[in-house]
Amino acid sequence: MSLVDAARELNRSDLHARAHLGTMEAAAWCLTVLLDRAGVEIDEDPEDKRKQARRRALMVRHLIERTGTDVLDRFGRATGPQLLAFNPHSARQYASLLLYMRQCHAERDLEGIPS
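Calculation criteria
Every chain is numbered on its own, with residues counted from 1 as its sequence reads. Reporting of local features is limited, given that this is a predicted model, to residues whose pLDDT is at least 70; pairs of side-chain atoms are given and counted only at 80 or more, and all residues count toward the totals for whole chains, interfaces and linings. To get the side-chain values, all heavy atoms of the structure are used, and hydrogens and water are removed first. For Phe, Tyr and Trp, where Trp contributes only its six-membered ring, two rings pair if their centres lie within 6.5 Å, and the inter-plane angle classes them as stacked under 30 degrees, edge-to-face over 60, or tilted in between. Numbering goes from the N terminus for both helices and strands, where a helix is a DSSP run of H or I of at least four residues and a strand is a run of E of at least two. Exposure classes here rest on a 1.4 Å probe applied to the protein chains alone. A residue is buried below 20% of its type maximum, exposed above 50%, and partly exposed in between. For the purposes of this section, nonpolar cores are sets of buried Ala, Val, Leu, Ile, Met, Phe, Trp, Tyr and Cys residues that join through side-chain atoms within 4.5 Å. The contact rule is simple, with two residues in contact once any of their heavy atoms fall within 4.5 Å.

### Overview of the packing of aromatic side chains
All chains considered together, the criterion is met by one aromatic pair. When the centroid spacing of 6.0 Å and the interplanar angle of 40° are considered together, the rings of F75 and Y94 count as tilted. Of this pair, F75 sits in helix α3 (residues 53-79) while Y94 sits in helix α5 (residues 88-101), and the two are 19 residues apart along the sequence. The buried category is assigned to F75, whose relative accessible area is 0%.

### Re the nonpolar core
Counting 14 residues, the largest nonpolar core has A7, L21, M24 and F75 as the members making the most contacts within it. For this core, the secondary structure elements donating two or more residues are α1 (3-10), α2 (15-44) and α3. If we ignore the near neighbours within four places in the chain, the residues touching F75 are L3, A6, A7, M24, G80, L83, L84, S90 and Y94. In terms of nonpolar packing, the next biggest core, distinct from the first, is built from five residues, L31, A38, V60 and I64 among them.

### Details of unusual backbone geometry
Notably, D48 is not glycine yet its phi reads approximately 55°, a positive angle. Tracing the backbone shows D48 in the loop between α2 and α3. One non-glycine residue, K51, lies in positive phi territory at about 55°. The topology assignment puts K51 in the loop between α2 and α3.

Here it is in structure tokens:
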């Protein structure tokens with residue numbers, strides 16, 4: 001079960017939680033589309049003859065980090081501390097996502113994007 005699924009099950013009727021959930025669902029869709037598009041570009045140029053692989057990777061990493069940060073923030077707003085304090089699976093997923101996103105090198109990555 002994903003963090004979005006856990007938030008969905010916990011707060012079905014609270015309107016503010018539903019607004020955060022809607023944003024989290026849109027973010028998950030956005031990341032799926034982003035990764036699908038990156039995969040298409042990789043398949044179209046598997047040997048990186050256009051020299052776009054590094055630039056694409058930096059953009060993808062940045063967008064995942066920014067979107068993931070928003071999801072984590074909204075998860076906490078939608079659910080409060082309940083799932084992080086009393087649901088070990090959700091707490092592990094939250095911590096894993098946070099650790100994964102910290103692998104982004106922020107501005108060091110961003111300075112490598114412009115052509």
